[in-house]
Amino acid sequence: MKQLKKFILILAAIAFSQCTLFKKDIKRPVVVKIVAPENYANTSINANYPKYVDANAQNQYQSKFIENLISEGKITKNITIDNESISPDYIIEVKSLAINESDFSQTVSDAKSEFNGQTFLLNKVEASCDVICIDAKTNKQIGFGCGNTKSRQEKIKNNRTLGDLVVGSNKDRKTYREKTLRTDIAIDLAGDVGRRVWVPITKRIRKSLK
């Protein structure tokens, strides 16, 4: 059991740091400037009962995105982020950040459960971003645009809750319920795509340095 837990923790650590693992090495020091329009985050609601996206304002999504974008850049070897530079080597231009909430139906399929055939309306939150990398010396875009998308969705669960364990109910796991997302999931996803988009950015820069 201890070895299994250790293995799960290792997998979680790898998943969390996957963007760093797949970033390309930058062979020499470069200065990068990040620019963005005043309003580049857009939210959309396509759910009958929205729960998550409206919890934050546009500027909050932008702040979280740019914060993680800069943080990931700063820990990349040989990259210096200087947004005040008048002569950077590269310019990362943020084009858009989209946060969407939608819903979908899922039906329980368990003949032994009283919930069999019951349909749940579940919500899904998705964040996506689009940036371009520009060679500041030539003022030309390097390769294709860089983007990233990440989503999370509610689920139907039949596992025993803490309340079930206390009162001894749902031992046969025939009781189904909706598992909601964290209330701050939308803001977290905005930050995640800001961090993860550094993978294609480093690929563009490294290719340009060859």
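Summary of the structure given here. Quick caveat: nothing in here was measured; it's all calculated off a predicted structure.

As for the side chain of Ser113
And step 1. Looking at the secondary structure, you find Ser113 in the loop between β4 (90-107) and β5 (119-135).
And step 2. Taking the relative accessible area as the measure of exposure, Ser113 reaches 6% and is therefore buried.

Concerning the pattern of salt bridges
When the charged atoms of two side chains lie near each other, side chains of opposite charge can form a pair.
And step 1. Overall, the coordinates contain 7 salt bridges when judged by the stated rule.
And step 2. The salt bridge partner of Lys51 is Glu154, with a shortest N-O separation of 2.9 Å. Pair noted here: Lys51 is in the loop between β2 (41-46) and α3 (58-74) and Glu154 is in the loop between β7 (146-153) and β8 (155-157), with a separation of 103 residues, a long-range link.
And step 3. Judged by its relative accessible area of 37%, Lys51 falls in the partly exposed class.
And step 4. Classification of Glu154 as buried rests on a relative accessible area of 0%.

Brief notes about the side chain of Asp110
And step 1. Positionally, Asp110 belongs in the loop between β4 and β5.
And step 2. This buried residue, Asp110, is left without a salt bridge; Lys112 holds the nearest opposite charge, at 6.9 Å.
And step 3. Engagement of the side chain of Asp110 in a polar contact is seen with the side chain of Tyr176, the distance being 2.6 Å.

Some points on unusual backbone geometry
And step 1. At Asn78, a position not held by glycine, the phi torsion is positive, near 75°.
And step 2. Tracing the chain through its elements places Asn78 in the loop between α3 and β3 (79-81).
And step 3. Its relative accessible area of 23% is what places Asn78 among the partly exposed residues.

Some words on the packing of α3 against helix α5 (residues 185-196)
And step 1. It is at 7 Å that the axes of α3 and α5 come closest, and there the two elements cross at 35°. Like other packed secondary-structure pairs, α3 and α5 cross with a definite hand, here right-handed. Across from Gln60, Tyr61, Lys64, Phe65, Asn68, Leu69 and Glu72 in α3, the residues of α5 making contact are Ala186, Ile187, Ala190, Gly191, Asp192, Val193, Gly194 and Arg195.
And step 2. Split by residue class, the contact of α3 with α5 holds 7 nonpolar, 4 polar and 4 charged.

Describing the nonpolar core
And step 1. Val32, Tyr61, Phe65, Leu97 and Ile201 are the most contacted members of the largest nonpolar core, which has 37 residues in total.
And step 2. Only β1 (30-35), α3, β3, β4, β5, α5 and α6 (198-209) provide two or more residues apiece to this core.
And step 3. In terms of residue count, the dominant contributor to this core is α5 (6 residues).
And step 4. When sequence neighbours within four positions are dropped, the list of residues in contact with Val32 reads Ile79, Thr80, Ile81, Asp82, Asn83, Tyr90, Ile92, Trp198 and Ile205.
And step 5. Of all hydrophobic cores here, the second largest spans 6 residues; its members include Phe115, Phe120, Ile156 and Tyr176.

A short note on α3
And step 1. Taking 1.5 Å per residue as the helical rise, α3 with its 17 residues ought to reach 24 Å, and the 25 Å between its terminal C-alpha atoms agrees with that figure.
And step 2. Listed as buried for α3 are Tyr61, Gln62, Phe65, Asn68, Leu69, Ile70, Glu72 and Gly73.

Examining the environment of Gln106
And step 1. For Gln106, the location among the structural elements is in strand β4.
And step 2. Its relative accessible area of 33% is what places Gln106 among the partly exposed residues.
And step 3. Along the sequence, Gln106 and Thr119 sit 13 residues apart, while their C-alpha atoms lie 5.5 Å from each other.
And step 4. Residues contacting Gln106, with those up to four places away along its chain left out, are Gln118, Thr119, Phe120, Leu122 and Ile156.

Examining the state of the cysteines
And step 1. Tallying each qualifying case throughout the model produces 0 disulfides.
And step 2. Left without a disulfide partner, Cys133 is nearest to the cysteine sulfur of Cys146, which lies 6.1 Å away.
And step 3. Looking at Cys133, the relative accessible area reads 0%, which means it is buried.
And step 4. The class of Cys146 is buried, set by a relative accessible area of 1%.

Brief notes about the environment of Asn48
And step 1. Structurally, Asn48 can be placed in the loop between β2 and α3.
And step 2. The exposure class of Asn48 is exposed, given its relative accessible area of 57%.
And step 3. Spatially, the C-alpha atoms of Asn48 and Glu101 are 9.8 Å apart, while their sequence positions differ by 53 residues.
And step 4. When residues no more than four places from it in sequence are discounted, the contact partners of Asn48 are Asp103 and Leu121.

Cut-offs and rules
Residues numbered from 1 in each chain as written. Predicted model: local features only at pLDDT ≥ 70, side-chain atom pairs only at ≥ 80, totals over all residues. Heavy atoms only, no water. Helix = DSSP H or I, 4+ residues; strand = E, 2+ residues; numbered from the N terminus. Buried < 20%, exposed > 50% of the residue type's maximum accessible area, 1.4 Å probe, protein only. Salt bridge = Lys/Arg side-chain N within 4 Å of Asp/Glu carboxyl O. Lys, Arg positive; Asp, Glu negative; His and termini not counted. Polar contact = N/O pair within 3.5 Å; in protein donor to acceptor, adjacent residues only side chain to side chain. Axes fitted to C-alpha atoms, helices over the stretch in contact; angles between N-to-C directions. Left-handed = near helix turned anticlockwise from the far one by under 90°. Contact = heavy atoms within 4.5 Å. Nonpolar A, V, L, I, M, F, W, Y, C, P; charged D, E, K, R; others polar. Core = buried A, V, L, I, M, F, W, Y, C linked by side-chain atoms within 4.5 Å. Expected span 1.5 Å × (residues − 1). Disulfide = S-S within 2.5 Å.

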